[in-house]
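Listed here are the chains, written in short residue letters.
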Amino acid sequence: MANFWKNYRGTIFLLAGLVLGGLAGVIWGTKVNVVKPFGDLFLNLMYMILIPLVFFSISSAIASMTEMKRLGKILVTTLLVFLGTALVAAVLGYLAVVIFRPINNVDMSSIQHMMGHVKGAGGNKVSGLERLVQTFTVDDFSKILSKNNMLSLIVVAIFTGIATSTSGKAAQPFAKVLAAGNVVTMKIVKYIMYYAPIGLGCFFATVIGNLGAEMVTTYLRTWLVYLGFAVFYFFIVMSGYAFIAGGRAGFKIFFGKTSVPQPLLQLQLAHQLLRFLSTWNIQKMGVTPDIAETVIPLGANTHKDGSVVGGILKATFLFVLFGRSITKPENALLIIGVGFLVGVVMSAIPGGGFVAETVIITVFGFPMTALPLILIISEIIDIPATLLNSSSNTTAGMLVTRFVEGKNWLNNYLTAHS
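This is a predicted model, so every value here is computed, not measured.

Describing the overall build of the protein chain
A count of helical and extended segments in the protein chain gives 18 helices and 0 strands. A separation threshold of at least 6 residues defines the contact pool for the protein chain, and within that pool the share at least 24 residues apart is 82%. Counting every atom, the protein chain has about 20100 Å² of accessible surface; 67% of that belongs to carbon and sulfur.

Given below as structure tokens:
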């Protein structure tokens, strides 16, 4: 419990602030607007650090990649399995939202009035290619310093990281500057987050006070849908992966060796210890050591099915609140694609969670003032998302072993250890 409190006290305080803010909004209604400046202060602090946070976190992460190890068939198979299961999670997460509709019964006009209209409405229509160019590039360097051009900034950060990494010893001092910049900006974010329970609580109070208590039930339904999806994904989808990997024996060994405490370790233990225990756990399922030692470290950074579904949920949340259809084919593909992107790519970046939320807003043209609405979702789904992120590496390791070692891999393991 001591470790749990140490690692999650920030989340607990933040949730407490949201609960108190929600209650204040329900009880006092629009009178809570008096605390709106305290919420605006938190948002402005986050906006002020957003640009350096994105630039330094991405560029330093790429610049630190000084060598690429060829892991052959294991690495290729691992990446394909990760991408495949993440895509499945994205599609199923989208279908769950479409079927259960957690976001409804909210006065959309009030939302749009409070947050500002979606940019890009009206005006001259542009082609798909032109929109793509405008999304990822700008015509002046100064424009990448705006939070409204986040993807352009990410492109610059990626090129900066690649150029630094491939420039050898001459660029090592600059690589150290990028790494130091990342450390400093993350520290600033940590300081700002000390104020988050008050700032975000005041913002939530203003939202509830102006839009009504239906927003509380909207967040509750969102959490319940995600929780139900997490249960479904663990017991049905991941069981299916185990069956594909090893047949009935794979199904039995998955539930025989996977226990509730295993994913809960991620809530309590240091990252290095969790990695060791996760590696040890899947080796007991017959996964070879070399595959286990590839899947777990790589999966800890890039294989986060829970985060993929979280990205889908945040995107659809904003779509519905701003009165945009989530069932139009082009919107559906974009939502699934962006959810996949923020769950797989952005989760590998330090501070990527916050970056992912700004990317969702930027890609779809929502006002940046809507950022706190999905920051709240991040907090309420944190624990079930963490459990999915941790547990999904187990079945991924089994699948990789099946494709690398052949269909009899588990029988060979069980025979050798009988």
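Quick word on empty space enclosed by the protein
Applying the stated rule across the entire model yields 2 cavities of 30 Å³ or more. Put simply, the largest cavity is a space of about 50 Å³. Forming the boundary of the largest cavity are Gly-93, Ala-96, Val-97, Val-225, Tyr-226, Phe-229, Val-309, Ile-312 and Leu-313. Where the lining of the largest cavity is concerned, the elements lending two or more residues are α3 (72-100), α9 (214-257) and α13 (305-321). Looking at side-chain class alone, the lining of the largest cavity contains 8 nonpolar, 1 polar and no charged residues.

Focus: unusual backbone geometry
The phi dihedral of Arg-101 is positive, around 45°, even though this residue is not glycine. Among the secondary structure elements, Arg-101 is positioned in the loop between α3 and α4 (108-115). Overall, Arg-101 belongs to the partly exposed group, its relative accessible area being 36%.

Some remarks on the environment of Val-177
Looking at the element boundaries, Val-177 is found in helix α7 (residues 172-194). For Val-177, a relative accessible area of 47% translates into the label partly exposed. Distance from Val-177 to Ser-60, taken between C-alpha atoms, is 8.6 Å for residues 117 residues apart in sequence.

Thoughts on helix α2 (residues 36-63)
Here α2 is 28 residues long and its end C-alpha atoms lie 40 Å apart, about the 40 Å a rise of 1.5 Å per residue gives. At Leu-50, α2 shows its largest kink, close to 40°, and the proline Pro-52 lies no more than four residues downstream.

What to know about the confidence of the model for the protein chain
Looking at the protein chain as a whole, its pLDDT mean stands at 78, while 78% of the residues score no less than 70. The least confident element of the protein chain, judged by mean pLDDT, is helix α10 (residues 261-268) at 39; the most confident is α7 at 91. Of the regions scoring below 50 in pLDDT, residues 67-71 engages in 2 contacts with residues more than four places distant in sequence or in other chains. Taken together, the stretch residues 259-277 has pLDDT below 50 and engages in 29 contacts with residues farther than four places along the chain or on a different chain.

What about the pattern of salt bridges?
Counted by the stated rule, this structure contains 4 salt bridges. Put simply, Asp-40 and Lys-36 hold a salt bridge, and the shortest N to O gap is 3.0 Å. Placement of the pair is Asp-40 and Lys-36 together in helix α2, with a separation of 4 residues, close to one helical turn. Residues Glu-357 and Lys-314 are paired through a salt bridge, measuring 3.1 Å at the closest nitrogen-oxygen approach. Taken together, the residues span a long stretch of sequence, with Glu-357 in helix α15 (residues 352-364) and Lys-314 in helix α13 at a distance of 43 residues. The same class applies to Glu-357 and to Lys-314, which are both buried.

Considerations on the packing of aromatic side chains
Per the counting criterion, the structure on display carries 11 aromatic pairs. Between the aromatic rings of Phe-319 and Phe-364, the centroid separation amounts to 4.8 Å while the plane-to-plane angle is 85°, which identifies the pairing as edge-to-face. Here Phe-319, found in helix α13, pairs with Phe-364, found in helix α15; they are 45 residues apart in sequence, far enough to count as distant. Pair check on accessibility: Phe-319 and Phe-364 agree, each one buried. Where Phe-322 meets Phe-366, the ring centres are 5.2 Å apart and the plane angle is 35°; that geometry is what we call tilted. With a gap of 44 residues between them, Phe-322 in the loop between α13 and α14 (329-344) and Phe-366 in the loop between α15 and α16 (371-380) connect regions that are remote in the sequence.

Criteria and thresholds
- Residues numbered from 1 in each chain as written.
- Predicted model: local features only at pLDDT ≥ 70, side-chain atom pairs only at ≥ 80, totals over all residues.
- Heavy atoms only, no water.
- Helix = DSSP H or I, 4+ residues; strand = E, 2+ residues; numbered from the N terminus.
- Contact = heavy atoms within 4.5 Å.
- Areas by Shrake-Rupley, 256 points an atom, 1.4 Å probe, with all protein chains shown as cover.
- 1 Å grid on protein atoms, 1.4 Å probe; cavity = no way out; pocket = protein on both sides within 12 Å on 5 of 7 lines; lining within 4 Å.
- Points joined across faces, edges and corners; volume = space filled by probe spheres on them.
- Nonpolar A, V, L, I, M, F, W, Y, C, P; charged D, E, K, R; others polar.
- Buried < 20%, exposed > 50% of the residue type's maximum accessible area, 1.4 Å probe, protein only.
- Expected span 1.5 Å × (residues − 1).
- Bend = angle between axes of the 7 residues up to and from the residue.
- pLDDT = per-residue confidence, 0-100.
- Salt bridge = Lys/Arg side-chain N within 4 Å of Asp/Glu carboxyl O.
- Phe/Tyr/Trp six-rings, centres within 6.5 Å; stacked < 30°, edge-to-face > 60°.

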